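# Geometric and topological summary
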Amino acid sequence: MIGYIARRLLLGVVQVLLVAAGVFALTEALPGDAAVTIAGDNPDPAVIAELREQLGLNRPVGERFAEWLAAAAHGDLGTSLVGPRPVSEVIGSAFGPSLLLAVLALALLIPLATGLGMLAARREGGRLDRVITSTTLGLYAAPEFAMAVLLVTVFAVQLGWFPPTAVGGSLTANPALLVLPVLVLLLRPICSLSRLVRAGAIDAQRAPHVEHVRRLGLSPTRIRVFHVLPNAAAPAVQQLARTADWLLGGVIVVEAIFVVPGLGTALLDAVSARDLPVVQGLALVFSCTTVLVNLGADITARALSPTSEVGR
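What this report covers is the structure whose coordinates are included nearby. (Residues numbered from 1 in each chain as written. Predicted model: local features only at pLDDT ≥ 70, side-chain atom pairs only at ≥ 80, totals over all residues. Heavy atoms only, no water.)

For the rest of this paragraph, the subject is the overall build of the protein. Per the secondary structure count, the protein includes 13 helices and 0 strands. Reading the helices (α) and strands (β) of the protein from amino to carboxyl end gives α-α-α-α-α-α-α-α-α-α-α-α-α. For the protein, with 312 residues in total, the buried portion stands at 41%. When contacts within the protein are restricted to residue pairs at least 6 apart in sequence, long-range pairs at least 24 apart make up 72% of them. (Helix = DSSP H or I, 4+ residues; strand = E, 2+ residues; numbered from the N terminus. Buried < 20%, exposed > 50% of the residue type's maximum accessible area, 1.4 Å probe, protein only. Contact = heavy atoms within 4.5 Å.)

If you trace the backbone, Asp245 turns up in helix H10 (residues 220-248). Along the sequence, Asp245 and Ala102 sit 143 residues apart, while their C-alpha atoms lie 9.1 Å from each other. Once you skip the residues sitting within four places of it in the chain, Asp245 turns out to touch Phe286, Thr289, Thr290 and Val293.

Take the side chain of Ser194 next. Mapped onto the elements, Ser194 comes out in helix H8 (residues 176-205). Looking at Ser194, the relative accessible area reads 3%, which means it is buried. Within the structure, the side chain of Ser194 is placed 2.8 Å from the backbone oxygen of Ile190, a separation counted as a polar contact. Leaving out residues up to four positions away in the same chain, Ser194 has contacts with Ala113, Leu116, Gly117 and Thr136. (Polar contact = N/O pair within 3.5 Å; in protein donor to acceptor, adjacent residues only side chain to side chain.)

Evaluation of the coordinates by the stated rule reveals 2 salt bridges. Note that Glu89 and Arg85 form a salt bridge whose closest N and O atoms lie 3.3 Å from each other. Notably, a salt bridge pairs Arg198 with Asp129, separated by 2.7 Å at the nearest N-O pair. Within this pair, whereas Arg198 is found in helix H8, its partner Asp129 is found in helix H6 (residues 127-141), the two being separated by 69 residues in sequence. (Salt bridge = Lys/Arg side-chain N within 4 Å of Asp/Glu carboxyl O.)

The end-to-end C-alpha separation of helix H5 (residues 87-121) is 48 Å, in line with the 51 Å expected for 35 residues at 1.5 Å each. Of all bends in H5, the biggest is about 35°, found at Phe95, and the proline Pro97 comes one to four residues later. (Expected span 1.5 Å × (residues − 1). Bend = angle between axes of the 7 residues up to and from the residue.)

With that out of the way, let us pick up the packing of H5 against H8. Closest axis-to-axis distance for the H5/H8 pair is 6 Å, and the angle between their directions is 35°. In this structure, H5 meets H8 at a crossing whose hand is right-handed. A breakdown of the residues in the contact of H5 with H8 according to their chemical character gives 23 nonpolar, 4 polar and 1 charged. (Axes fitted to C-alpha atoms, helices over the stretch in contact; angles between N-to-C directions. Left-handed = near helix turned anticlockwise from the far one by under 90°. Nonpolar A, V, L, I, M, F, W, Y, C, P; charged D, E, K, R; others polar.)

Once that is clear, we can look at the nonpolar core. Counting residues in each nonpolar core, the largest one holds 41 residues, and the members touching the most others are Leu109, Leu185, Val228, Leu247 and Phe258. Among the elements that take part in this core, H8 stands out by supplying 14 residues, more than any other. Residues contacting Val228, with those up to four places away along its chain left out, are Met118, Ala201, Ala204, Gln205, Val210 and Ile223. In this structure, Val90, Ala266, Ala270 and Phe286 belong to the second largest nonpolar core, which totals 22 residues. (Core = buried A, V, L, I, M, F, W, Y, C linked by side-chain atoms within 4.5 Å.)

Phi is positive for Val259, close to 55°, though the residue is something other than glycine. With relative accessibility at 38%, the residue Val259 sits in the partly exposed group.

Counted under the stated rule, the structure contains 2 aromatic pairs. Where Phe65 meets Trp68, the ring centres are 6.1 Å apart and the plane angle is 35°; that geometry is what we call tilted. Taken as a pair, Phe65 and Trp68 lie in helix H4 (residues 61-73) at a separation of 3 residues, close to a single helical turn. Each member of the pair Phe65 and Trp68 is classed as buried. Seen from their ring centres, Phe155 and Trp161 are 5.7 Å apart, and the 40° between their planes marks the pair as tilted. (Phe/Tyr/Trp six-rings, centres within 6.5 Å; stacked < 30°, edge-to-face > 60°.)

Below, the structure written as structure tokens:
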């Protein structure tokens, strides 16, 4: 296991470097730059040239990338070109709302998706299985923005139960602001994860070792909890990792609709302002998060089902 973790970490470092280089190159290819944005609607070429000189934008791309990468290795992500503020401060202020939404969504997602999947797998093809399967398929097919608009229209505008957006409010001081965003975040992941748990549980119930413990007279509940669930959860862990990565990376659509000042909103603002250090810093944070979350998922999957190929 130690050798496996070391190999995955080494591969993750290579992936992070490739992502950082790719994002740096793509941001350089964007039309315009921060100097043009700062100069305003009627820019003077002399002012733009002076701003580029001050911001270091007239230096070679390779030189700026090498300098940024060396500083990032020491924890310095640079300074925002629009502000100016340290990039780490910009990311830190946006990380809190995204982390809060992600934690709440995952805390509800894991028990709900596992329970639905195990419930549907109790009798394959039965009425309950068909109801759960058709409902999850229908919800999964609905786009996030459409579900968000529908929920806001019904529960915020017509019924007035929840605030429609987070404008002017604190997510921690007013928990009602979190209800609709978390509900939208849950809809699609709970469908995909519960279907994976169901498929894994159905396969596990047919496994020889489960048939053996059933012949030994163990109760159905004990068999499901201690013998079926670990094997059913192993493949679902991979999907859970992708969901966690998606949530921690800032869910742009949900944050935009509900005006949540998270990482997705920070990324959109940085791209529109051509604030390249913030874009590059966020890309580095997102790629590191992806590597670590997927590594944790692979280790968990192998621990749950050592004989499976998941995570190998």
